[in-house]
Structure formats: C-alpha cells, structure tokens
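Architecture at a glance
Listed here are the chains, written in short residue letters.
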Amino acid sequence: MKYGLQFRDVFAAWESILDGVWITLLLSAVAMVGGLVIGIACAAARVYGPTWLRRIVGTYVEVIRNTPLLVQLFLIFFGLPSFGIRLDGLTAAIIALVVNLGAYTTEIVRAGLEAVPKAQVEAGHSLGLSGLQVFRYVVMFPALKAMFPALASQFVLLMLATSVVSQISVEDLFHVASIVQSRTFRDFEVYTVIGVLYLGLAFAFRGLFAGLYYWAFVRR
C-alpha cells in the first residue's frame, strides 16, 4: 500500500495553527512567570521559614511532583465544579500549569539558595543588612546564576507539556492539530508539522534563555 504525502491541506489551515502557537506561547509565558514567583516564595519558605511552613511547602512539592499533570488539570477543571467553582478551560489550564511548575521550580530554587556559602550570608548580616536585603542583594544573584540552566530546561519542558491542556478543549497548538487532522485525515502530515513547530519553539526558548544567561551573568 502506497501513501502519498500531501501537506497542502495542512498548510491551508495555517491561520488556525498560528492561533494555536499563540495560545501555547501565552500559556507558557504566564506559567513561567507564575511558577517562578511561586518557586521563589516556596523555596525561601522551605530554606528560611519555620518548621510548620517548611512542612506545608514540602507536602505541596511532593504531592504535585508525584502526580501526573493531567490528573491535576482534571481535578481543577472537572473536580472544582463539584464545590461550586467553575473555571473556563484557559483559566483552569493556567492554574494547573502554574501550580505544577511552581512545585518543580521550588526544588530548583531551593538547591540554588542552599548553594550560596553561609559565610557570604553572614558577611551580609555583618554589614548591617536586613534579612530581606541579604536575600535580595547577597543570596539571589549567585543562586540564580547557579540554578538558571536547570530553570531554563524546566521551562522548556513546561512549554512542551502545555499540550495536555488540549484534553479540556483549550485551543493550543496540539488541540488545533487534532481539529485539522479530523478535517483532512492527513494524520502523518499534521503531526509532522506540529512536531516541527514544537521543536522550533523548544529551540527558540533555549536560544532566548541562553541569551538571557549571557546578558545577565557572562557579560557582567
């Protein structure tokens, strides 16, 4: 049986595909910012906070990291309505991605904070800096430099993981691909194009993060 490749029908849906790319980028950007904020706050609480707070954060991290993102997404989108909380697909997707990324980012940031020598922190206190000032001016920069490669990799993985939101009909790149496939029946062509687009996005993100690393840490 011969199969002839025909990409014409796939490329004819380029506007829908670009809309899917935009939603994927939007989800990724919001999740990266939100996840980083949660990660920094939770890591600081886990390293410097009281015991009870460390345990709460530790439980959050372990629960999220040891359950599938898809299950978390379904709990938010399908489970919360049982308690009277109804969210649209895009909002539920953003919350799930932020919460998920926050747990992974917490451990990455925690490792970076703990990598800063204690003598350096003590030197900051000896200069009369407050705890917040020490964290901001003494700890964060070297910690961020140490954790940046791991953060960048996690962010790229998060971008690729956004494809699961198609399961709740969020019109991301993968969801659009499914619609185009159902209309054209060109399975191989559709998912080849989508795979190339995801690959391009991954390389673009890696290039962006490499540029940020050079600008923030190497050039100085």
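Since the structure is predicted, the reported quantities are computational estimates derived from the model, not experimental observations.

**Observations regarding the overall build of the protein chain**
When you go through the protein chain residue by residue, the secondary structure sums to nine helices and zero strands. Listed by position from the N terminus, the elements making up the protein chain come as α-α-α-α-α-α-α-α-α. Overall, the protein chain is about 75 × 50 × 30 Å in size when its C-alpha atoms are taken along their principal axes. Taking all 220 residues of the protein chain together, 40% fall into the buried category. Put simply, 76% of the contacts in the protein chain that link residues at least 6 apart link residues at least 24 apart. With the model as given, the accessible surface of the protein chain reaches about 12500 Å², and the carbon-plus-sulfur share is 67%. If you average the places of the 16 positive and of the 12 negative side-chain charges in the protein chain, the two averages end up 11 Å apart.

**Some details on the environment of Asp9**
By the secondary structure assignment, Asp9 is in helix H1 (residues 8-11). Assessed through its relative accessible area of 33%, Asp9 is described here as partly exposed. With 116 residues separating them in the primary sequence, Asp9 and His125 have C-alpha atoms 65 Å apart.

**Comments concerning the packing of aromatic side chains**
In total, this model carries eleven aromatic pairs according to the counting rule given. With a centroid separation of 5.1 Å and an interplanar angle of 50 degrees, the aromatic rings of Tyr213 and Phe217 are classed as tilted. Here Tyr213 pairs with Phe217, and both are found in helix H9 (residues 187-218), just four residues apart, close to one helical turn. Each member of the aromatic cluster is reached from another via a ring pair, and the members are Phe141, Phe148, Phe155, Phe205, Phe209, Tyr213 and Phe217.

**Examining unusual backbone geometry**
A positive phi is found at Ser169, a non-glycine position, where the angle reads about 65 degrees. Following the sequence through the fold, Ser169 ends up in the loop between helix H7 (131-161) and helix H8 (173-184). Accessibility expressed as a relative area gives 52% for Ser169, which makes it exposed. Of note, the phi angle at Phe185 is positive, near 60 degrees, even though the residue is not glycine. Along the chain, Phe185 turns up in the loop between H8 and H9. You can call Phe185 exposed: its relative accessible area is 62%.

**Points about the side chain of Thr105**
Structurally, the position occupied by Thr105 is in helix H5 (residues 89-114). Within the local environment of Thr105, its side chain forms a polar contact with the backbone oxygen of Leu101, the two atoms lying 2.8 Å apart. Beyond its immediate sequence surroundings of up to four residues, Thr105 is in contact with Gly35, Leu36, Gly39, Leu151 and Phe155.

**A look at the nonpolar core**
Ranked by size, the top nonpolar core spans 56 residues in total, and within it Leu113 and Phe209 carry the most contacts. Those elements that place two or more of their residues in this core are helix H2 (14-48), helix H4 (69-79), H5, H7, H8 and H9. Considering every element that reaches this core, the biggest residue donor is H7, with 14 residues. When neighbours within four sequence positions are excluded, Phe209 is seen to be in contact with Met32, Phe148, Ala152, Phe155 and Val156.

Basis of the calculations
Residues numbered from 1 in each chain as written. Predicted model: local features only at pLDDT ≥ 70, side-chain atom pairs only at ≥ 80, totals over all residues. Heavy atoms only, no water. Helix = DSSP H or I, 4+ residues; strand = E, 2+ residues; numbered from the N terminus. Buried < 20%, exposed > 50% of the residue type's maximum accessible area, 1.4 Å probe, protein only. Contact = heavy atoms within 4.5 Å. Areas by Shrake-Rupley, 256 points an atom, 1.4 Å probe, with all protein chains shown as cover. Lys, Arg positive; Asp, Glu negative; His and termini not counted. Charge placed at Lys NZ, Arg CZ, Asp CG, Glu CD. Phe/Tyr/Trp six-rings, centres within 6.5 Å; stacked < 30°, edge-to-face > 60°. Polar contact = N/O pair within 3.5 Å; in protein donor to acceptor, adjacent residues only side chain to side chain. Core = buried A, V, L, I, M, F, W, Y, C linked by side-chain atoms within 4.5 Å.

Nothing here speaks to function; it is geometry throughout.
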